[in-house]
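Chain residues, written in single-letter form:
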Amino acid sequence: MTQAYSRIYGSGFVTGETLVPNERMQLVCDTTDEWIRERSGIQQRYFVNEGTATSDLGVGAAKKALDDAGWKAEDVDYIVVATMTPDYYFPGVGSLLQAKLGIGNIPALDIRQQCSGFIYGLQVCDALIRAGMAKKLLFVGAEIHSGFMPFSKHGWDVVMGRSNEPVTQAEREWNSKFRHLFVLFGDAAGAVCMGPTDDPRRGLLGYSLHAAGKDVEALYVPSAGFAYRPYFSEEHVREGRFVPVMEGRQVFKMAVTKMPEVVLETCQKVEVTLDDVNLLIPHQANLRISEGVQKALKLPDDRVYNNIQRYGNTTAATIPIAYDECKKSGKLKPGDLVAFVGLGAGFHWGAALMRE
Ligand code: ACO
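Everything numeric in this text was worked out from a predicted model, so none of it was measured.

**Student:** Any chance you could explain helix α4 (residues 93-100) here in plain terms?
**Tutor:** Think of an α-helix as 3.6 residues a turn; residues three or four steps apart then line up on the same face. Listed as buried for α4 are Val93, Gly94, Leu96, Leu97 and Gln98. Lining the buried residues of α4 we find α3 (54-69), β4 (78-82), β5 (108-111) and β6 (137-143). Where α4 terminates, the next one or two residues include Gly102, which has phi positive at roughly 70 degrees.

**Student:** In this structure, what is going on with the packing of aromatic side chains? I would like to understand it.
**Tutor:** Think of a pair of aromatic rings as described by two things: how far the centres are apart, and how the planes are tilted against each other in angle. If you walk through the whole model with that rule in mind, you get 12 aromatic pairs. Taken together, the aromatic side chains of Phe47, Phe151, Trp156 and Phe182 make up a single cluster linked through ring pairs. Here the basic side chain of Arg7 rests over the ring of Tyr9, its NZ or CZ set 4.2 Å away from the ring centre.

**Student:** I keep staring at the sheet that holds β4 and nothing clicks. Help me out?
**Tutor:** As summarised here, the arrangement of the five strands in space is β1-β7-β6-β4-β5, forming an open sheet in which the pairing is mixed. Lying at the two open borders of the sheet, with one neighbouring strand each, are β1 (6-15) and β5. Mean inter-strand twist for the sheet, computed between neighbouring axes without regard to direction, equals 20 degrees. Of the pairings in the sheet, the one linking β6 to strand β7 (residues 188-196) comprises seven bridges and is antiparallel in character. For Gly141, the partnering residue across the bridge sits in β7 and is Gly190. The sheet strands contacting helix α5 (residues 117-130) are β1, β4, β5, β6 and β7, and the helix crosses β6 at an angle near 165 degrees. Sitting on the sheet, helix α13 (residues 318-329) is in contact with β1 and β7, with an inclination near 105 degrees to β1.

**Student:** I would appreciate a short explanation of the pattern of salt bridges in the present structure.
**Tutor:** Between side chains of opposite charge, a pair can form as their charged atoms come close. Tallying each qualifying case throughout the model produces 12 salt bridges. Residues Asp157 and Arg162 are paired through a salt bridge, measuring 2.9 Å at the closest nitrogen-oxygen approach.

**Student:** Can you help me understand the environment of Cys29 in this one?
**Tutor:** For Cys29, the location among the structural elements is in the loop between α1 (22-26) and α2 (33-40). Looking at Cys29, the relative accessible area reads 0%, which means it is buried. Sequence separation between Cys29 and Val216 is 187 residues; the distance between their C-alpha atoms is 27 Å. Every residue in contact with Cys29, bar those within four places of it in the chain, is listed here: Arg172, Asn175, Ser176, Arg179 and Phe182.

**Student:** Any chance you could explain the packing of α3 against α4 here in plain terms?
**Tutor:** Where α3 meets α4, the axes come as close as 9 Å, and the angle between the chain directions of the two elements is 55 degrees. In this view, α3 runs oblique relative to α4, as classed from their interaxial angle. In this structure, the crossing between α3 and α4 has a hand that is right-handed. The segment α3 lies against α4, with Thr54, Ser55, Asp56, Gly58 and Val59 engaging Val93, Leu96, Leu97 and Lys100.

**Student:** Looking at this structure, I do not really get the pairing of strand β11 (residues 279-282). What am I missing?
**Tutor:** As a general feature of sheets, a regular strand has side chains that alternate between the two faces. Burial along β11 is two-sided: Leu279 and Ile281 and Leu280 and Pro282, pointing in opposite directions, are all buried. When β11 meets strand β12 (residues 337-344), the two strands line up parallel, connected through four bridges. In the strand pairing of β12, Ile281 is matched with Phe340.

**Student:** How should the side chain of Thr54 be read in this particular structure?
**Tutor:** Take Thr54: it is sitting in helix α3. Apart from residues no more than four positions distant in its own chain, Thr54 is found in contact with Thr83, Thr85, Pro86, Asp87, Val93, Ala142, Glu143 and Ile144.

Conventions used here
- Residues numbered from 1 in each chain as written.
- Predicted model: local features only at pLDDT ≥ 70, side-chain atom pairs only at ≥ 80, totals over all residues.
- Heavy atoms only, no water.
- Buried < 20%, exposed > 50% of the residue type's maximum accessible area, 1.4 Å probe, protein only.
- Helix = DSSP H or I, 4+ residues; strand = E, 2+ residues; numbered from the N terminus.
- Contact = heavy atoms within 4.5 Å.
- Phe/Tyr/Trp six-rings, centres within 6.5 Å; stacked < 30°, edge-to-face > 60°.
- Lys NZ or Arg CZ within 6 Å of the ring centre and 35° of its normal.
- Pairing = 2+ DSSP bridges.
- Axes fitted to C-alpha atoms, helices over the stretch in contact; angles between N-to-C directions.
- Salt bridge = Lys/Arg side-chain N within 4 Å of Asp/Glu carboxyl O.
- Parallel < 35°, antiparallel > 145°, perpendicular 65-115°, else oblique.
- Left-handed = near helix turned anticlockwise from the far one by under 90°.

Shown next, in the form of structure tokens:
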């Protein structure tokens, strides 16, 4: 077995401030609580109140992880943030997080691998620690998806429970064009504190990462990029191009095929078998995807963790949130072998194995 060189010392997470049950979605588009639960498992999600940015959620999660690790913010010597929804087009969130935490001029890096961001980021953080470049590294996955939502100001009041006055028929029709996508997402951040370890029985053991750029149009945002001049325009807003395009069935198929494959590939690399894995924490994109992965790997219910029912898909934040819940509830114990796996836009996918 590969020797472990870095491990997680603390974790924590926060969600957006406002809980939004599926019933609120029914008020702004043609959907039902039943459809959303049946097709995705999601019962509710959290959205931030206007004014909260991705870096703010990141700070909330970071403070909890630092407390959990018993570290002070000023001890941190490297920041890595995985996000596809930064506060600004540029710069990334890492440096904003550093400033908001009141930390000195330590390096800050952003990772942009969407739903695989946390897994790609784990490998980068692990490599920085193994190379001696970082000793107390703060790694955050943070997302605010509410900026992708097509709702009007009044639509937002309805979604957030501030108004029960129906949206116009025209808005309902407009929102319904994107219903397959926006019902799936929520806002949240998760963070972990990582550092070196001398204990070869604990820590990150290995990874398998992949990408396939040829299928980019299955899941991307056809706007706000320098393939366009200007990179963002009124036309983009009018055409709703700020909302991600997603070929749901194609992504679904890719996920249930590639995620089990990459878990087995990682086990082989690390020279363990799937039987040795105590817990699988899949990226939370759809409960049916997780169930498909579980079925393909023939794992019993108690060895796969899902919480999408309560948070929706929070992209780079799903895995650290699930990890924190498993750790704090005692589902994950010291010495357990945990597998993280995810697939998302790019396409990017991958898995990581860690001894808790
Ligand atoms: N409410 C009601 N009906 C809906 C909704 C909705 N919110 N959305 C779609 N429908 C309708 C469709 O119009 C369609 O109607 P039709 O049969 O009359 O044409 C019907 O429901 C079935 O639509 P499908 O797209 O076939 O539904 P499916 O079972 O595939 O579920 C879903 C759709 C949930 C999007 C699923 O395909 C999925 O989860 N895909 C993967 C998503 C994912 O993993 N994304 C990656 C992460 S995101 C990232 O990386 C940024």
